[in-house]
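# Geometric and topological summary
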Amino acid sequence: MGTDELYPPDRLAAARRATAAAGLDALLLTPGSDLRYLTGYDAHAGERLTCLVLPAEGEPTLIVPILERPAAEASPAPATGVRIVDHADGTDPYPLVTAALGGPVAAVGLADRMWAEQVLGMRAALPGATQRLAGEVLRELRVRKSPAEVAALAEAGAAIDAVHARMGEWLRPGRTEAEVATDIAAAIRTAGHATVDFVIVAAGPNGASPHHGTSDRPIRAGEPVVVDIGGTMPSGYRSDSTRTYLAGGRAPAEFTDYYQVLHAAQRAAVAAVRPGVTAEAVDAAAREPITAAGYGDAFLHRTGHGIGLDGHEEPYVVAGNARPLEPGMAFSIEPGIYLAGRHGARIEDIVVCTTDGVHRLNTAPTELIAL
């Protein structure tokens, strides 16, 4: 797909309208997913200021360090209609922000993850402006994926599925979690990802920690192993998928029993997704069977999170989120059961809410996989 499909120029116009509707005079976006969403520019984050100045009315300006101007000009940004202005080392870039705004402003939206030193620099340059979060405006634009974005997420899902399909090449008793993770990371790149975002290989008792990572502990025969992996594709869109494996031998009977509960719960939550169903109802669809089986306290986290240019974004599939699902929303369904000191399991698919139901972007088997 072309960059004009993933990063169409009309996004800037939509963002300007939303900025005005929110009572903001402009958005000020430093490197991150919001900047890339609007311009296609995957900017380097550093101490030198890069900032998209997007007035509610007026011309958008992309301020970049002079040494990064070639990268900005080679990105999709110029095709979106932004004007590029550069600054040299040793000069103060903040007057360029003021100039791009065209005069005093009352309220600006700052990138949610702008560095603190830049937030303070903006405050000094615009002392009369109230600072709010740009996410108030942009999350509503980003939460519903376009067909091109869904295609990019599907490409990412297929790439990470291809890595899971090769797990038998690496995951076996006697190898350490870290050794297996090294092989997986290389395969994530081979499968087409531009970067490796995370590799969790959690065997035996380590599987009871949802964000374990890896260790030098050898994997033992009969141990369940949670493998949660993801990366970023050249498009900027991300993958994230978890499967649980059995590294040879025989799994503990307790584990086999609760894995069946988990498997049914994950499938039930996927099946619950359709327009108009609330995010918390999908969470409940996963949580209720796990609780009924006596493992409610062992399901330690929300059922899912949105995904796109960020690994975690809106919508969040969690109790208390009464937002109805809409076509184009993409998110994970990943219930887990974790028994401290013993073992754990998680099953994760990325799904998209469609006009009449749900589409799974991960198609690897969700049954317990014995290697």
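See the structure shown above.
Just so it is clear, the structure is predicted and the values come from calculations on it, not from any experiment. Each chain carries its own residue numbering, running from 1 in the direction its sequence is written. With the structure being a predicted model, the display of local features is reserved for residues of pLDDT at least 70 and the display and counting of side-chain atom pairs for 80 or more, all residues being used for whole-chain, interface and lining totals. Calculated side-chain values reflect all of the structure's heavy atoms, with hydrogen atoms and water omitted.

Turning next to the side chain of Thr30. Under the DSSP-based scheme used, a helix requires at least four consecutive residues in state H or I and a strand at least two consecutive residues in state E, with every element numbered from the N terminus. Relative to the assigned elements, Thr30 resides in the loop between β1 (26-29) and α3 (33-39). Contact between two residues is taken to exist if any of their heavy atoms lie within 4.5 Å; hydrogens are not considered. For Thr30, the contacting residues outside a window of four places in its chain are Leu35, Leu49, Thr50, Cys51, Ala111, Met114 and Gln118.

On to the packing of aromatic side chains. The description of two aromatic rings rests on the distance between their centres and on the angle between their planes. Whether two aromatic rings pair depends on their centres lying within 6.5 Å, for rings of Phe, Tyr and Trp, where Trp uses its six-membered ring; planes under 30 degrees apart make the pair stacked, over 60 edge-to-face, and the rest tilted. In this structure the tally under the stated criterion is 3 aromatic pairs. Ring plane angle 55° and centroid distance 5.4 Å describe the contact between Tyr258 and Tyr295, whose orientation is recorded as tilted. Within this pair, whereas Tyr258 is found in helix α10 (residues 253-272), its partner Tyr295 is found in the loop between α11 (279-292) and β10 (304-306), the two being separated by 37 residues in sequence. Side by side, Tyr258 and Tyr295 carry an identical accessibility label, which is buried. Counted as over-ring charges are cases with an Arg CZ or a Lys NZ within 6 Å of the ring centre that also lie within 35 degrees of the ring normal. Positioned over the ring face of Tyr37 is Arg11, at 3.9 Å from the centre of the ring. The rule is simple: take the accessible area with a 1.4 Å probe, protein chains only, and divide by the maximum for that residue type; under 20% is buried, over 50% is exposed, in between is partly exposed.

Formed by 54 residues in total, the largest nonpolar core has its most connected members in Leu28, Leu29, Leu38, Leu62 and Met122. Each residue touching Met122, except ones within four places of it in the same chain, is listed here: Leu28, Leu49, Cys51, Tyr94, Val97, Leu110, Met114 and Gln131. By nonpolar core is meant a set of buried Ala, Val, Leu, Ile, Met, Phe, Trp, Tyr and Cys residues that side-chain atoms within 4.5 Å join together. Among the nonpolar cores identified, the runner-up in size contains 32 residues, and Ala279, Ile290, Leu325 and Ile347 belong to it.

This part takes up the sheet that holds strand β8 (residues 224-232). The mixed open sheet is built from 4 strands, whose spatial order is β7-β8-β9-β17. On the outer flanks of this sheet lie β7 (195-203) and β17 (369-370), each paired with one strand and no other. Axis lines are fitted through C-alpha atoms, for helices just across the contact stretch, and the angle between N-to-C directions can take any value from 0 to 180 degrees. Across the sheet, helix α8 (residues 147-164) is in contact with β8 and β9 (241-246); its angle to β9 comes to roughly 15°. Two strands make a pair as long as DSSP finds a minimum of two bridges between them.

Two elements in contact, α10 and α11, have axes separated by 8 Å at closest approach and are oriented at 160°. Here α11 runs roughly antiparallel to α10, going by the angle between their axes. Seen along the crossing, α10 lies across α11 with a hand that is right-handed. Counting all contacts with α10, which are made through Val261, Leu262, Ala265, Ala268, Ala269 and Ala272, the residues of α11 involved are Val282, Ala285, Ala286, Pro289 and Ile290. Three residue categories are used. Nonpolar comprises Ala, Val, Leu, Ile, Met, Phe, Trp, Tyr, Cys and Pro, charged comprises Asp, Glu, Lys and Arg, and polar comprises the others, including Gly. Residues belonging to the contact of α10 with α11 are distributed by class as follows: 11 nonpolar, no polar and no charged. Every angle not falling under 35 degrees, over 145, or within 65 to 115 is termed oblique; those three ranges are roughly parallel, roughly antiparallel and roughly perpendicular. Should the near helix be turned counterclockwise from the far one by less than a right angle, the crossing is left-handed, whereas a clockwise turn marks it as right-handed.

Taking burial as the measure, the 6 residues of β9 include 6 buried ones, the bulk of the element. Of the two faces of β9, both are covered, the one formed by Ser241, Arg243 and Tyr245 as well as the one formed by Thr242, Thr244 and Leu246. Two strands pair when backbone bridges link them, and β9 and β17 are joined in this way by 2 bridges, in the parallel orientation. The residue of β17 that forms the bridge with Tyr245 is Ile369.

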